[in-house]
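Residues per chain, in single letters:
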Amino acid sequence: MGEDPGGSGHDAAAGDPAAPGPRTRRRQESGRSGRARRATRGLRAGSRRAIARLRPGPRAWRGATWGVAVALTVVLASGGLLLDSGRPLLLDLLTVVVLGWLVAALATGALLLLGRILAAIPPRLRALGPVAVVLASVPFALGAGPSALLVGLPLVLGAALVGAGVGALATDAPPRGPRLAVAVLGLLVGAGALTAVAGWLLFDERPEEGATLAAAGPHDVVRLAYGSGADERRTAYGEEADVVTEPVDGRALLPGWSGLGGSLRTRYWGFGPDALPRNARVWLPDVEEGRFPLVLVVHGNAPMESPSERGYDWLAEPLAAQGHVVASVDQNFLNLSYTRGWELGEETDARAWLVLRHLELWRDWVAEGHPLGAHVDLGRIVLVGHSRGGEAVATAAAFDRLERYPEDASVALDAGFGIDAVVALAPVDGQYEPGGRPRELDGVSYLVLHGGRDGDVLWFSGLAQYHRARPGEGGVKAAVHLRDANHAGWNTVWGEEDFAGPAAAVLEAGEVLPSTTQQAAALAAVDAFLPAALDGERDALAALAEPGAVGWPDGVAARTRLAHGGEVALLDLEGGLDPAAGALPGSTVTVEGLARWREVALELRLQDAHARAVELAWSEPGGRWSVDTGGAALALDDPVLRLDLAVGDEPPPGFDAPAREPLALGVEVVDVDGRVARADVGDGDGLAPAPDPDRLKAPLPDWAPGGDPLARSVVLAVDDLEAEEGFDAGALAEVRLLPDGAAPGTLLVLDVAVGPR
């Protein structure tokens, strides 16, 4: 027997006849791989045939394109409803549609060119699609910002699917089998998407009618108007004017009234910036004797073709009945226009200057014994402004203390009227800064109101002006945040929504206060503020700081801050950098057992708040923050302690998130002999996180997220505190804050002051 060299008697190399040879194995392996390749080719071919059967045909593509085109045309036409150019409505619609399609064509051409250059964007629908999404989003962008793309995308995709389905089915030989199923499914999905988006946009759960305004007052009211006598647009200021006034030259303050836009504006109104009319609607108490405060009301920036000055009857009528002379000033010719020059730009100073020119009229009427001036007390002047008008009246009050216009000293302001008080409804702040510096208000009482659902001024902008207001010895200031108020609700001409047309559809409307409730709340605040500002009667104003104050209509959630010139400040956060120094000479601030103690700058949502605060954080019981009087006793009769407090957003050290529960706080007042009076402050006193209501409908994300540092004034009458025997409320020496450490928290202390009741 021969020896097996491989060590195996079954090796084919050893000549086993049952084992295939190398050539046979190669043929077998080749047969298996060939079958696999043929199976793969068959699978690929089948997939291509299936895809070909499902692929949209030319008619489907054309239908998709037509669907997008129709949707875009409808959206553009809805924008045409806003023009209000005075021409036929059909002409406005055609103008917007033609211009919109011109933009679409130019933008599509640019995208196609870019796509061909980059070989990334094929023609047909995908060339039109991105542009259509953007253009379909534009009408909603005013309210939702970049989030509007989340509206435009399903609109365009839904329209494309509907168009593709219709195009595929509307043929001489309709598709069958899988292609028919895909066409029908696309049509149904597209129609469902369009229906869902349309329903989401159009159907809101509107709030029920709100509170009615309070009873007017003891006087009957006379209504009239003064104006140029030659107004081509409003007969009340033209041929029907009760009193004819001279125009004024505002060219030095209106450089934007120029060029083509200026020419269109002049052509519409019949006058230019050299002949601005002094027009106003007036409400007078119907009396034979007596003199009353003068109140000028200034509207905001809406389309100039709408009579915005007519939107404040709810305020003017009751004020006149209560004993005020009220004039709602016409500045519509300074407003924006969709067809005539858009916006003038940088015109807030002109609005303020024009207010002074109206006051000039009233001063002349009083001096001349004119019937309009017979019952006016120029020693009590109040300016009320809404939106851009809110900044204008604050600027007018600042101009009233100046001899010359800061931007051009050759322009004399001719002011010195002695404006006593300013009321601002949802004002802007910072659009005009005199001499490039934030506007200060010295010796002027100031009230500002703002709504948490304001879709126009997205943050509590007027709070910055509140911090820069120093009302003086006999003055007051107050800031009121109404959680569910919006922007338009304070002007009856502007409607219920903060935006007109499609943009209004993205705003959350279900929780917004009815406009009558919002107006009733503003009137309650004004009724409490004016006696305090003009006559020193502060009781009603102080009551508005109480949670659930009687002055607010039902359903109104308000957070109020206030201060008056007769107080003694114990905390000075603007005058120095030392956190351990108080406001009085020699006074000190001390801290025990707190995890964090520092000073911080306050920031509004989109603006500097122009204020600072002490930030205190704790994670366990036993902490204390206190400020003393430097050894001197504050000798005040019937003293009141005011604390401006807010819940902080920064978590305490060692915690990942800020506490979102209401805080509890002990407040102690110590007299010169060390005796203590105490009160406990908690959720019922407003120490809860600041509200941040949803401005946009879910699920749209707010493009300006975050809230404002909304503090609230906690006002404590020292005599009413729980005190140790012998405590002397007329000899205060120290104020202590003792956070309840049962739960971690962060507190902002914006102000500590003591004053007379």
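Residues numbered from 1 in each chain as written. Predicted model: local features only at pLDDT ≥ 70, side-chain atom pairs only at ≥ 80, totals over all residues. Heavy atoms only, no water.

## So, the overall build of the protein chain
- If you tally the helices and strands in the protein chain, you get 13 helices and 26 strands.
- Pairs at least 24 apart in sequence give 77% of the contacts found in the protein chain among residues at least 6 apart.
- Accessible area of the protein chain: about 34,000 Å², with a carbon and sulfur share of 56%. (Helix = DSSP H or I, 4+ residues; strand = E, 2+ residues; numbered from the N terminus. Contact = heavy atoms within 4.5 Å. Areas by Shrake-Rupley, 256 points an atom, 1.4 Å probe, with all protein chains shown as cover.)

## Observations regarding the sheet that holds strand β2 (residues 243-244)
- The mixed open sheet is built from 10 strands, whose spatial order is β2-β1-β3-β5-β4-β6-β9-β11-β13-β14. Both edges of this open sheet fall to β2 and β14 (558-564), since each of them pairs with a single strand only.
- Where strand β1 (residues 221-227) and strand β3 (residues 280-285) come together, 6 bridges link them in antiparallel fashion. When the sheet's bridge partners are listed, Val-222 is paired in β3 with Leu-284.
- Against the sheet, helix α10 (residues 388-399) makes contact with β4 (292-298), β6 (376-386) and β9 (421-425), and its axis sits at roughly 145° relative to β6, the strand it touches most.
- With respect to the sheet, helix α12 (residues 515-535) is in contact with β4, β6, β9, β11 (445-451) and β13 (476-482), its orientation differing from that of β11 by roughly 170°. (Pairing = 2+ DSSP bridges. Axes fitted to C-alpha atoms, helices over the stretch in contact; angles between N-to-C directions.)

## Examining a negative patch on the surface
- A surface patch of negative charge is lined by Asp-220, Asp-286, Glu-288 and Glu-289.
- Following the sequence through the fold, Asp-286 ends up in the loop between β3 and β4.
- Residue class for Asp-286 comes out partly exposed when judged on its relative accessible area of 49%. (Patch = residues over 30% accessible without salt bridge, like charges linked within 9 Å, V, L, I, M, F, W, Y side chains within 5 Å. Salt bridge = Lys/Arg side-chain N within 4 Å of Asp/Glu carboxyl O. Lys, Arg positive; Asp, Glu negative; His and termini not counted. Charge placed at Lys NZ, Arg CZ, Asp CG, Glu CD. Buried < 20%, exposed > 50% of the residue type's maximum accessible area, 1.4 Å probe, protein only.)

## Describing the pattern of salt bridges
- Within the structure shown, the criterion is met by 34 salt bridges.
- Note that Arg-675 and Asp-673 form a salt bridge whose closest N and O atoms lie 3.0 Å from each other.
- Judged by relative accessible area, which is 25%, Arg-675 ranks as partly exposed.
- Judged by its relative accessible area of 57%, Asp-673 is exposed.
- Connected via shared salt-bridge partners are Arg-561, Glu-567, Arg-642, Asp-644 and Asp-751.

## Points about the nonpolar core
- Counting residues in hydrophobic clusters, the biggest one holds 77 residues, and the most contacted among them are Tyr-226, Leu-296 and Trp-362.
- Examining the composition of this core, we find that 10 residues originate from one element, helix α9 (residues 348-368), more than from any other.
- Counting residues in hydrophobic clusters, the runner-up holds 46 residues, among them Leu-447, Leu-530, Leu-544 and Val-556. (Core = buried A, V, L, I, M, F, W, Y, C linked by side-chain atoms within 4.5 Å.)

## Some details on the packing of aromatic side chains
- Going through the model one piece at a time under the given rule, you end up with 10 aromatic pairs.
- Summarising the aromatic geometry, the rings of Tyr-226 and Trp-362 are spaced 6.1 Å apart at their centres and angled 70° between planes, so their arrangement reads as edge-to-face. Highlighted residues: Tyr-226 in strand β1 and Trp-362 in helix α9, separated in sequence by 136 residues. Of the two residues, Tyr-226 and Trp-362, both sit in the buried class. (Phe/Tyr/Trp six-rings, centres within 6.5 Å; stacked < 30°, edge-to-face > 60°.)

## A word on α9
- Taking 1.5 Å per residue as the helical rise, α9 with its 21 residues ought to reach 30 Å, and the 31 Å between its terminal C-alpha atoms agrees with that figure.
- The element α9 is extensively covered by neighbouring structure, given that 16 of its 21 residues are classed as buried.
- Immediately beyond the C-terminal end of α9, within one or two residues, lies Gly-369, with a positive phi of roughly 70°. (Expected span 1.5 Å × (residues − 1).)

## Some remarks on the packing of α9 against α10
- At their nearest, the axes of α9 and α10 sit 8 Å apart, and the two run at 60° to each other. Taken together, the axes of α9 and α10 lie oblique to each other. Read as a crossing pair, α9 and α10 show a hand that is right-handed. Facing Thr-348, Asp-349, Arg-351, Ala-352, Trp-353, Val-355 and Leu-356 of α9, the residues of α10 in contact are Arg-388, Glu-391, Ala-392, Thr-395, Ala-396 and Phe-399. (Parallel < 35°, antiparallel > 145°, perpendicular 65-115°, else oblique. Left-handed = near helix turned anticlockwise from the far one by under 90°.)

## Focus: the confidence of the model for the protein chain
- Residues with a pLDDT of 70 or more make up 87% of the protein chain, whose mean pLDDT is 86.
- Counting contacts from residues 1-17, a segment whose pLDDT is below 50, to residues more than four positions away or on other chains yields 7 contacts. (pLDDT = per-residue confidence, 0-100.)

## Quick notes on a nonpolar patch on the surface
- Judged by side-chain polarity, Trp-66, Val-70 and Val-74 come together as a nonpolar surface patch covering roughly 350 Å² of accessible area.
- By the secondary structure assignment, Val-74 is in helix α2 (residues 58-80).

## Thoughts on the pairing of β4
- Of all 7 residues in β4, 7 are buried, a share of seventy percent or more.
- The pairing of β4 with β6 spans 7 bridges and is parallel. Along β6, the bridge assignment pairs Pro-293 with Asp-377.
- Pairing of β4 with strand β5 (residues 325-329) involves 5 bridges; the strand directions are parallel. Within β5, the position partnered with Val-295 by the bridge is Val-326.
- In the classification by handedness, the crossover that spans β4, the intervening helix α8 (residues 313-322) and the parallel β5 is right-handed. (Right-handed = clockwise from strand over helix to strand, strands pointing away.)

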